[in-house]
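Residue-level listing of the chains:
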Amino acid sequence: MLVVENLRLALNGKPIINDLSLHVGKGEIHGILGENGTGKTTIAYLIMGANNYKPTAGRILFEGQDIANLSVSQRAKKGITLAWQEPARVEGLTVRDYLTLSGNHHKINQIERHLWMVGMEPGQYLDRDIDATLSGGERKRIELASVLAMRPKLAILDEPDSGIDIVALPLILNGIVEMNRQGSSVLLITHSERVAEIAHRVSILCAGTIIRTGIPSATSQWFKDNCMICPHINEPADEIK
Amino acid sequence: MIGYSVEKEYQGMIDAYEKAGGDKSALQSKDVAKLVIHENRVLSADSVKGLKIETKETKTGVNVNLLVEEGAKIPHPVHLCFGVLPKEGLQEIVFKVDAQNNSEVHVIAHCIFPSAVKVIHKMDADIEIGKNARFDYKETHYHGESGGIEVIPKARVKVGKGGVWQSTFALSQGLVGKLDYDFEVTCQEKAVAELIVKVYGRGSDDIKIWEKIYLNGAGARGLAKSRLVLGDKAKAEVRGETYGNAPYARGHVDCMELVNGTEAVARAIPIVSVTNGKAKVTHEAAIGSIDRKQIETLMARGLDEDEAVDVIVRGILR
């Protein structure tokens, strides 16, 4: 479904993404595991076309078509969406309106179902604005509900667990699994091994490139054994290059 | 204007009111206090129990006295409809309000100028809110697309002990033209004032907003909030002033001006002043383009960029 080939991005002359290749299959939850500053969010932006990021080199193929020059809207209309790590707040836009436009004007009972799936009671949230009156965790869950409402072919979830309390985390993870059951492929960006467990495959990102891909248990263990104690700040050691 | 019979004028105002989104049935209900003024003519003025509306036509407008009697809780919103339907005209409204102690009322005003090419609409209001009284005032403007209108609303509001004044001024339909908004509220002990202004400026609109809140009583609270979106060559200046002059007074100035395009000009001048060591007044002002992340969030859900901007603008002005 998604094929990223030899992707490169340099910002102000500094390489951020370095010859990165990645493949997300249809129906797959693919985890990207990496420490802070390794380029996880940058990959999300490049695939979504957000933040004006355009690859310096390489290709991003979605269902066989190179999408690197498409706008965010065009990519969304092809079935790709992104849940931001720190979702935007929009004064005056209610949760109801946001989920309605995300779901291409779903009926209210469908919208309510998506809120329940992320552990939110619709009666308490539908008429609230998605503004600063919501906590970071509430905003994150609404962002996930909006992705559920959209039923995308590919959902890019950038650290869906950050800012989420331990009670809500299982709900979030269930929501992602349910999204996948409904037919969405998921690119799951995280630095949490627990979150990565729900993936079918996990890739480890270091210094803007994928250094290992495998099943979650083995890859997470490798991540724990190597990356978490690695003294090379965002610079892969020679032995793992 | 000459040539309009009273009946035709009334029908014209009702039609324009409805077209502008007003509730026509409210203007026809006997249970609802209402006032319809076209230019300097009073077309309808109805009081209800506990609320009296008195009017006097002048050469250039109408003097209006609105009395809310002590303890009266008016169950239905009061509807005011001011307008100038022809292309040219002058309307000067002198508005005196006496909301007596423990009264409560919600006033909805529609100001309609659909064809204005050379129209001036002035309102000079002198408003007294009694002890523990509550007065909610929402004024919505409906302008045409010529921009040939000058709107000059000025109000001096005094809020007694424990009283509440809440006002919203909204102008987002049609071109603003020239707007010179000047509201000043003085709050006594534990009184509350909330001034909200929402304006969408386009074309060559020239907008001046001046909100002043004096927190003179202990525990008084005030919020001066403005939301402006500017496009084309519109320019706006917002002055939000709050003065904390008594212990435990709390005030906040909150100004957001979004500039959509390269030729619009926005300025914000917040003034916060404290003359009592136990008072606290804060401010925040944000001026700039619409946040790219907000736009991209909506685009990532399938909206085109223009649609996303429209959703954001409508949200801010809602």
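The structure under discussion appears in the preceding block.
Residues numbered from 1 in each chain as written. Chains lettered and ligands numbered in written order. Predicted model: local features only at pLDDT ≥ 70, side-chain atom pairs only at ≥ 80, totals over all residues. Heavy atoms only, no water.

## Looking at the overall build of chain B
- When helices and strands are counted, chain B shows four helices and 19 strands.
- Referenced to the eigenvectors of the C-alpha coordinate spread, the extents of chain B come out at roughly 50 × 50 × 35 Å.
- In chain B, which comprises 318 residues, the proportion classed as buried is 53%.
- The long-range share in chain B, meaning contacts at least 24 apart out of those at least 6 apart in sequence, stands at 77%. (Helix = DSSP H or I, 4+ residues; strand = E, 2+ residues; numbered from the N terminus. Buried < 20%, exposed > 50% of the residue type's maximum accessible area, 1.4 Å probe, protein only. Contact = heavy atoms within 4.5 Å.)

## A few points about the overall build of chain A
- Looking only at helices and strands, chain A features nine helices and twelve strands.
- Relative to the compact-globule value of 18 Å for 241 residues, chain A shows a C-alpha radius of gyration of 18 Å, a close match.
- A principal-axis box enclosing the C-alpha atoms of chain A has dimensions of 55 × 40 × 30 Å.
- Evaluated residue by residue, chain A yields a buried proportion of 56% over its 241 residues.
- Considering only intrachain contacts with a sequence separation of at least 6, the fraction spanning at least 24 residues in chain A is 68%.
- Total accessible area on chain A is roughly 10300 Å²; 48% of this is exposed by carbon and sulfur atoms.
- In chain A, the 25 positive side-chain charges and the 27 negative ones have mean positions that sit 6 Å from each other. (Rg over C-alpha atoms; globule rule 2.2 N^0.38 Å. Areas by Shrake-Rupley, 256 points an atom, 1.4 Å probe, with all protein chains shown as cover. Lys, Arg positive; Asp, Glu negative; His and termini not counted. Charge placed at Lys NZ, Arg CZ, Asp CG, Glu CD.)

## What about the interface of chain A and chain B?
- Each partner contributes residues to the interface: chain A has 32 residues there, and chain B has 20 residues.
- Of the roughly 1900 Å² buried where chain A meets chain B, counting both sides, 54% is carbon and sulfur surface.
- Three residues stand out in chain A for area buried against chain B, namely Trp-84, Glu-91 and Leu-101 of chain A, and they jointly supply 30% of the buried area on that side.
- Along the lines of polarity and charge, the residues of the side of chain A that touches chain B split into 16 nonpolar, nine polar and seven charged. (Buried area = accessible area lost by both parts, 1.4 Å probe. Nonpolar A, V, L, I, M, F, W, Y, C, P; charged D, E, K, R; others polar.)

## Focus: the sheet that holds strand 2 (residues 14-24) of chain A
All names here are of chain A.
- One open sheet accounts for four strands, arranged 2-1-4-5; its pairing is antiparallel. Of all the strands in the sheet, just strand 2 and strand 5 (65-66) have a single pairing partner and so form its edges.
- Across seven bridges, the pairing between strand 1 (residues 2-11) and strand 2 is antiparallel. Bridging across to strand 2, Ala-10 finds its partner in Pro-15. (Pairing = 2+ DSSP bridges.)

## Quick word on unusual backbone geometry
Residues and elements named next belong to chain A.
- Its identity as a non-glycine residue notwithstanding, Asn-6 has a phi of 45 degrees, on the positive side.
- By the secondary structure assignment, Asn-6 is in strand 1.
- Relative accessible area serves as the criterion here: at 42%, Asn-6 is assigned to the partly exposed category.

## Quick notes on helix 9 (residues 216-226) of chain A
Residue and element names in this part refer to chain A.
- The complete set of buried residues in helix 9 reads Pro-216, Thr-219, Ser-220, Trp-222 and Phe-223. Along helix 9, the residues classed as buried sweep out an arc of 155 degrees about the axis, all on the same side.
- Taken together, the buried residues of helix 9 touch strand 3 (29-33), helix 8 (193-196), strand 11 (201-206) and strand 12 (209-214). (Arc of directions from axis to C-beta.)

## Let's talk about the side chain of Ser-203 of chain A
- Along the chain, Ser-203 of chain A falls in strand 11.
- Setting aside residues no more than four positions away along its own chain, Ser-203 of chain A makes contact with Leu-22, His-30, Gly-31, Ile-32, Leu-33, Ile-210, Arg-212 and Thr-213 of chain A.

## Comments concerning the packing of helix 3 (residues 95-102) of chain A against helix 4 (residues 108-117) of chain A
Residues and elements named next belong to chain A.
- One way to put it is that helix 3 packs onto helix 4 with a least axis distance of 10 Å and a crossing angle of 105 degrees. By the criterion of interaxial angle, the relationship of helix 3 to helix 4 is roughly perpendicular. On helix 4, the residues touching Val-95, Arg-96, Leu-99 and Thr-100 of helix 3 are Ile-108, Ile-111 and Leu-115.
- For the contact of helix 3 with helix 4, a count of residues per class yields five nonpolar, one polar and one charged. (Axes fitted to C-alpha atoms, helices over the stretch in contact; angles between N-to-C directions. Parallel < 35°, antiparallel > 145°, perpendicular 65-115°, else oblique.)

## A look at helix 1 (residues 40-48) of chain A
Residues and elements named next belong to chain A.
- Along helix 1, eight of the nine residues are buried, which leaves the element largely enclosed by surrounding structure.
- Considered for burial, the residues of helix 1 that qualify are Lys-40, Thr-42, Ile-43, Ala-44, Tyr-45, Leu-46, Ile-47 and Met-48.
- Directly after helix 1, the chain includes Gly-49, whose backbone phi takes a positive value near 80 degrees.

## Description of the nonpolar core
- Counting residues in hydrophobic clusters, the biggest one holds 95 residues, and the most contacted among them are Leu-20, Met-48, Leu-154, Ile-156, Leu-157 and Ile-176 of chain A together with Leu-298 of chain B.
- No other element matches helix 4 (residues 305-317) of chain B, which puts seven residues into this core.
- Among residues more than four places away in sequence, those in contact with Ile-156 of chain A are Ala-44, Ile-47, Met-48, Ile-80, Thr-81, Leu-82, Ala-83, Leu-187 and Ile-189 of chain A.
- Counting 70 residues, the second-largest nonpolar core is a separate cluster that includes Ile-37, Val-62, Val-105 and Ala-264 of chain B. (Core = buried A, V, L, I, M, F, W, Y, C linked by side-chain atoms within 4.5 Å.)

## Some remarks on the sheet that holds strand 11 (residues 164-173) of chain B
Residues and elements named next belong to chain B.
- Read from one edge of the open sheet, ten strands run 2-1-5-7-9-11-13-15-17-19, paired in mixed fashion. Looking along the sheet, the strands with just one partner apiece sit at the ends: strand 2 (41-46) and strand 19 (280-288). Averaged over all pairs of adjacent strands, the angle between strand axes in this sheet comes to 5 degrees, irrespective of strand direction.
- Sheet strands in contact with helix 1 (residues 6-19) are strand 1 (34-38), strand 2, strand 5 (78-83) and strand 7 (104-113), and its direction is about 70 degrees off that of strand 2.

## A short note on the pattern of salt bridges
- On inspection of all chains with the given rule, the structure shows 34 salt bridges over all chains.
- Measuring nitrogen to oxygen at the nearest pair gives 3.1 Å for the salt bridge that ties Arg-139 of chain A to Glu-143 of chain A. Of this pair, Arg-139 of chain A and Glu-143 of chain A both sit in helix 6 (residues 136-150), four residues apart, which is roughly one turn of the helix. Accessibility assignment for this pair places Arg-139 of chain A and Glu-143 of chain A in one class, buried.
- Residue Lys-96 of chain B pairs with Asp-126 of chain B through a salt bridge whose shortest N-O separation is 3.8 Å. Within this pair, whereas Lys-96 of chain B is found in strand 6 (residues 88-99), its partner Asp-126 of chain B is found in strand 8 (residues 118-129), the two being separated by 30 residues in sequence.
- Take Lys-96 of chain B: its relative accessible area is 41%, and that puts it in the partly exposed class. (Salt bridge = Lys/Arg side-chain N within 4 Å of Asp/Glu carboxyl O.)

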